[in-house]
Amino acid sequence: MIDKTSTGARRPWRIGFFTMMAAVLLLLVVAGFVPTLYVRPLFDVPPIPTYLYVHGLVLTCWFVWFLGQSLLISVGLVANHRRFGTWGAIFGAIVVVASLMATLGTVSRVGSRGFDLDADASVLGIGVTGLTLAAFISRVVWANIGSVLSFATFLLAAVVLRRRPQAHKRLMLLASISIIGPALARVARWPVFGGEQGPFIPAVFWGLVLVLAVHDLMGRRRLHPATVIGTLLLMVIRYGTGLADRSEAGQMLIRELR
């Protein structure tokens, strides 16, 4: 297939790196949420409140939109990409609200099932052991808060730098990688991947970031500033939320949310 250059000449187009990364992220989301969201009637899973359906729909639509935006650039429809990008900023704000809503409701959802927060997390039946329920939920909640913070920061920076495409597309990719954690957690529960306490989640998460860095080095011979700053920001936020989830204040907050 072909598209037109700025001079009107027609040239072949190809699916580029950022489109392939967007497709990989969408596949991870679909793989992670097949049993608990997309085809729930086929699996024995506990009921979920309506707002989690909304959250799942919003997050899925974000990754579909992100892939669609990447495809528009691949086929040369830059004007359409910019038109839909305006709505993407609004959509991103909805992602933040929906994610916080789901995250802050975690404790009450677990409590509604009659579990004691001091019980072993194994009562959830998802393969997590050796932690109290409170400690596990604290880890999940603080990790998700960090993900939302990262997403919002990268999205805002991408909007500000929308006229600088090399920075913009890297920031949008990092924003989307930021919120892939819940999908990875569910994929990690597949027996072959060793559970949420194994190396699967960090390996895939940082592997996605590493692939971006390798792409920079292969194509540019150096790391793009957006890649460097974005990676450092992810490290700082994830380290900070890791400290928070293990702190007395952090776990106290979890009990207060109940």
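For the structure, check the block above.
Below: a short report on this structure. (Residues numbered from 1 in each chain as written. Predicted model: local features only at pLDDT ≥ 70, side-chain atom pairs only at ≥ 80, totals over all residues. Heavy atoms only, no water.)

Helices and strands together make up the secondary structure of the chain, namely 10 helices and 2 strands. Its helices and strands in sequence order give the chain the pattern β-β-α-α-α-α-α-α-α-α-α-α, from N to C terminus. Taking 18 Å as the expected radius of gyration for a compact globule of 258 residues, we find that the chain reaches 20 Å, a close match to that expectation. The buried share among the 258 residues of the chain stands at 42%. The contacts of the chain with a sequence gap of at least 6 include a subset with a gap of at least 24, amounting to 62%. Carbon and sulfur atoms make up 69% of the accessible area of the chain, which amounts to about 13,700 Å² in all. (Helix = DSSP H or I, 4+ residues; strand = E, 2+ residues; numbered from the N terminus. Rg over C-alpha atoms; globule rule 2.2 N^0.38 Å. Buried < 20%, exposed > 50% of the residue type's maximum accessible area, 1.4 Å probe, protein only. Contact = heavy atoms within 4.5 Å. Areas by Shrake-Rupley, 256 points an atom, 1.4 Å probe, with all protein chains shown as cover.)

Residues L25, W62, F63, F66, F151, L173 and I180 are the most contacted members of the largest nonpolar core, which totals 48 residues. Looking at this core, the elements that each hand over two or more residues are α1 (17–38), α2 (50–74), α3 (78–104), α5 (133–160), α6 (165–178), α7 (181–188), α8 (200–220) and α9 (225–246). Apart from the residues within four sequence positions on either side, I180 is in contact with L25, L28, V29, F63, F205 and L208. (Core = buried A, V, L, I, M, F, W, Y, C linked by side-chain atoms within 4.5 Å.)

Before going further, it helps to examine the packing of α5 against α9. Contact geometry of α5 with α9 gives a least axis separation of 9 Å together with a crossing angle of 155 degrees. Put simply, α5 runs roughly antiparallel to α9. As α5 packs across α9, the resulting crossing turns out to be right-handed. Taking contact as the criterion, the partners of S138, R139, W142, G146, L149, S150, T153 and F154 in α5 are, on α9, G230, L233, L234, I237, T241, A244 and D245. When the residues that make up the contact of α5 with α9 are grouped by side-chain class, the tally is 7 nonpolar, 6 polar and 2 charged. (Axes fitted to C-alpha atoms, helices over the stretch in contact; angles between N-to-C directions. Parallel < 35°, antiparallel > 145°, perpendicular 65-115°, else oblique. Left-handed = near helix turned anticlockwise from the far one by under 90°. Nonpolar A, V, L, I, M, F, W, Y, C, P; charged D, E, K, R; others polar.)

For the rest of this paragraph, the subject is α7. Considered for burial, the residues of α7 that qualify are A183, L184, A185, V187 and A188. Where α7 is buried, its residues meet α1 and α8.

We now examine the environment of R170. Within the secondary structure layout, R170 lies in helix α6. You can call R170 buried: its relative accessible area is 1%. Excluding residues that lie within four positions of it along the chain, R170 makes contacts with F18, L212, H215, D216, R220, H224, A226 and T227.

Our next topic: the packing of α2 against α6. The contact between α2 and α6 brings their axes to 11 Å, and the two run at 155 degrees. Between α2 and α6, the angle is such that the two are roughly antiparallel. For the element pair α2 and α6, the recorded crossing hand is left-handed. In contact with W62, F63, W65 and F66 of α2, α6 contributes M172, L173 and S176. Here the residues of the contact of α2 with α6 are counted per class, giving 6 nonpolar, 1 polar and no charged.

Let's shift gears to the side chain of S147. Relative to the elements of secondary structure, S147 occurs in helix α5. Overall, the relative accessible area of 10% leaves S147 in the buried class. Non-local contacts of S147, meaning those with residues more than four positions away in its chain, are made with S178 and I179.

Along an α-helix, a turn takes 3.6 residues, which lines up residues three or four apart on a common side. For α1, built from 22 residues, the straight-helix expectation of 32 Å at 1.5 Å per residue is missed by more than 12%, its first-to-last C-alpha distance being only 28 Å. At G32, α1 shows its largest bend, some 45 degrees, and a proline, P35, comes one to four positions later. Among the residues of α1, F17, F18, T19, M21, A22, L25, L26, L28, V29, G32, F33 and L37 are the ones counted as buried. (Expected span 1.5 Å × (residues − 1). Bend = angle between axes of the 7 residues up to and from the residue.)

Attention now moves to the pattern of salt bridges. If you walk through the whole model with that rule in mind, you get 2 salt bridges. Across the pair R170 and D216 runs a salt bridge, and its minimum N-O distance is 2.7 Å. Pair noted here: R170 is in helix α6 and D216 is in helix α8, with a separation of 46 residues, a long-range link. Assigned by exposure class, R170 and D216 land together as buried. (Salt bridge = Lys/Arg side-chain N within 4 Å of Asp/Glu carboxyl O.)

Moving on, we get to the environment of Q166. Note that Q166 resides in helix α6. The sequence separation of Q166 and H224 amounts to 58 residues, and the corresponding C-alpha distance is 8.2 Å.

Once that is clear, we can look at the side chain of T241. Here T241 shows up in helix α9. Judged by relative accessible area, T241 falls into the buried class, the value being 13%.

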